[in-house]
Number of protein chains: 2
Amino acid sequence: MKRSLADRIEQYLKVLIERSEDKQIEIQRSELAETFDCVPSQVTYVISTRFTEMEGYFTESRRGGKGYVRISRYHLENGGSTVRKELVAFIDELLQEDELTTSQSDLLRHLVSYGFMDMPPEHRIRLFKHLRKLLVDYVNMD
Amino acid sequence: MKRSLADRIEQYLKVLIERSEDKQIEIQRSELAETFDCVPSQVTYVISTRFTEMEGYFTESRRGGKGYVRISRYHLENGGSTVRKELVAFIDELLQEDELTTSQSDLLRHLVSYGFMDMPPEHRIRLFKHLRKLLVDYVNMD
DNA sequence: AACAGATAGTCAATAAAGGTCAAAGAGGGG
DNA sequence: CCCCTCTTTGACCTTTATTGACTATCTGTT
């Protein structure tokens, strides 16, 4: 089991994240590339393949002077996840009842599943309830 | 978390604004530049990129003797509408580029146009920016 | 009213990041 | 050995920050 460079960079970042206070780190792409003696785009590759929203990570970045890449990990299972599941279930229901098209429900499911991770749970709960109401409004419009 | 000069000036101003009685401050561009040991136009740069209407700020200024720059953060309904319009415009753009179907953009436009009315503007601004990013992610998924 | 001095604004050049994309390389399974 | 997928690299692109020369607009004085 020979670990690739990408694997090692991934591991390195994950250790940093787990050790951090708020499960969130900020790195400089070029600096990290230098540490691992590779091209900067390798770092981009690692981040885009191993720190996706599907894996529970959220990334932001800024270019230009003093640029950075911030990676945050979210707990998919804590506060609000019940509400999240309920909302996803509701979207599926609307799809079953032909109140939404497949493309609409795909989009919504994506937004609801992977978005709003960085909100405080109370806000997220309120937001999801609000969203549900908005959806009801929408499908009852015609 | 290394900060650029622009970041530090931004932070400084935001603290002043939050501490102020009426969420409004008046500064002298050249004086602030001296404080941060930079050229005055740096201050202009910070203000024009970080204290925009979209971010919920409003600025006025006067040149000449006793000149000033006034920055106000607004609280009420003014706040969200620029961001809302911007997001709707972005959705339309995605539709034009065939990144979204008509049914998807209709749904989104409805949610964005009629929802979130009762949220505090600061939250709404963040939410809309977040939504925009989620949409970008979604259309780039394939 | 004209002028002088004091401010703030504009704009373009330059630097300093990160992003994109496609081609080449490396491994592994059939 | 061939093919497929994942990795690595590098040339080129976009965004953001910093600086300074030049411009515009006030205020106060003569």
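Residues numbered from 1 in each chain as written. Chains lettered and ligands numbered in written order. Predicted model: local features only at pLDDT ≥ 70, side-chain atom pairs only at ≥ 80, totals over all residues. Heavy atoms only, no water.

Engineer: What exactly am I supposed to notice about the domain arrangement of chain A here?
Structural biologist: Where the parts come together, the accessible area they lose is often given as the size of the interface. You can read the domains of chain A as domain 1 (5-73) and domain 2 (81-139). The gap between the C-alpha centroids of domain 1 of chain A and domain 2 of chain A is 30 Å. (Domains from an automatic or database assignment.)

Engineer: How should the pattern of salt bridges be read in this particular structure?
Structural biologist: Pairing between side chains of opposite charge can happen when their charged atoms approach one another. All names here are of chain A. Taken as a whole, this structure holds 21 salt bridges over all chains when the rule is applied. Between Arg109 and Asp92 there is a salt bridge whose closest N-O contact spans 2.2 Å. Pair noted here: Arg109 is in helix H5 (residues 102-114) and Asp92 is in helix H4 (residues 81-96), with a separation of 17 residues, a long-range link. The exposure class of Asp92 is partly exposed, given its relative accessible area of 28%. (Salt bridge = Lys/Arg side-chain N within 4 Å of Asp/Glu carboxyl O. Helix = DSSP H or I, 4+ residues; strand = E, 2+ residues; numbered from the N terminus. Buried < 20%, exposed > 50% of the residue type's maximum accessible area, 1.4 Å probe, protein only.)

Engineer: Is there a simple way to explain the protein's contact with DNA strand D in this structure?
Structural biologist: What surrounds DNA strand D is a group of 26 residues, the closest being A:Ala6, A:Ser41, A:Tyr45, A:Arg63 and B:Tyr45. When the atoms of DNA strand D within 4 Å of the protein are sorted by group, sugar and phosphate make up 64%. Here A:Gln42 contributes a side-chain N or O atom positioned 2.8 Å from a phosphate oxygen of DNA strand D. Taking B:Arg63, its side chain carries an N or O atom lying 2.9 Å from a base nitrogen of DNA strand D. Listed by contribution, the elements that provide at least two residues to the surface near DNA strand D are helix H1 (5-19) and helix H3 (40-50) of chain A together with helix H1 (5-19) and helix H3 (40-50) of chain B. Across the surface near DNA strand D, the residue classes break down as 10 nonpolar, 10 polar and 6 charged. (Near = heavy atom within 4 Å. Polar contact = N/O pair within 3.5 Å; in protein donor to acceptor, adjacent residues only side chain to side chain. Nonpolar A, V, L, I, M, F, W, Y, C, P; charged D, E, K, R; others polar.)

Engineer: Please clarify how the protein's contact with DNA strand C should be interpreted in this entry.
Structural biologist: Every one of the 26 residues lining DNA strand C counts as a neighbour, but A:Arg29, A:Ser30, A:Arg63, B:Arg29 and B:Arg63 are closest to it. For DNA strand C, the fraction of protein-proximal atoms (within 4 Å) that sit in sugar or phosphate groups is 62%. A distance of 3.0 Å separates a base nitrogen of DNA strand C from a polar atom in the backbone of A:Gly64. B:Gly64 places a main-chain nitrogen or oxygen 2.9 Å from a sugar or linking oxygen of DNA strand C. Each residue belonging to the surface near DNA strand C can be placed in one class, and the counts come to 2 nonpolar, 16 polar and 8 charged.

Engineer: Help me understand helix H6 (residues 121-139) of chain B in this model?
Structural biologist: Counting along an α-helix, one turn takes 3.6 residues, and residues three or four places apart therefore face a common direction. Taking 1.5 Å per residue, 19 residues should reach 27 Å; H6(B) reaches 27 Å between its end C-alpha atoms and fits that length. For H6(B), every residue scored as buried is listed here: B:Pro121, B:Arg124, B:Ile125, B:Leu127, B:Phe128, B:His130, B:Leu131, B:Leu134, B:Leu135, B:Tyr138 and B:Val139. (Expected span 1.5 Å × (residues − 1).)

Engineer: So what exactly am I meant to see when it comes to the sheet that holds strand E3 (residues 68-73) of chain A here?
Structural biologist: Hydrogen bonds between backbone groups are what pair the strands of a sheet, and the pairing can be parallel or antiparallel. All names here are of chain A. Pairing is antiparallel in the open sheet, where 3 strands are placed in the order E1-E3-E2. Whereas interior strands pair on both sides, the edge strands pair on one side only; in this sheet they are strand E1 (24-27) and strand E2 (57-62). Across the sheet, the mean angle separating the axes of adjacent strands is 15 degrees when strand polarity is ignored. Relative to E3, E2 runs antiparallel, the two being bridged by 6 bridges. In the sheet register, Glu60 faces E3, and the bridge partner there is Arg70. (Pairing = 2+ DSSP bridges. Axes fitted to C-alpha atoms, helices over the stretch in contact; angles between N-to-C directions.)

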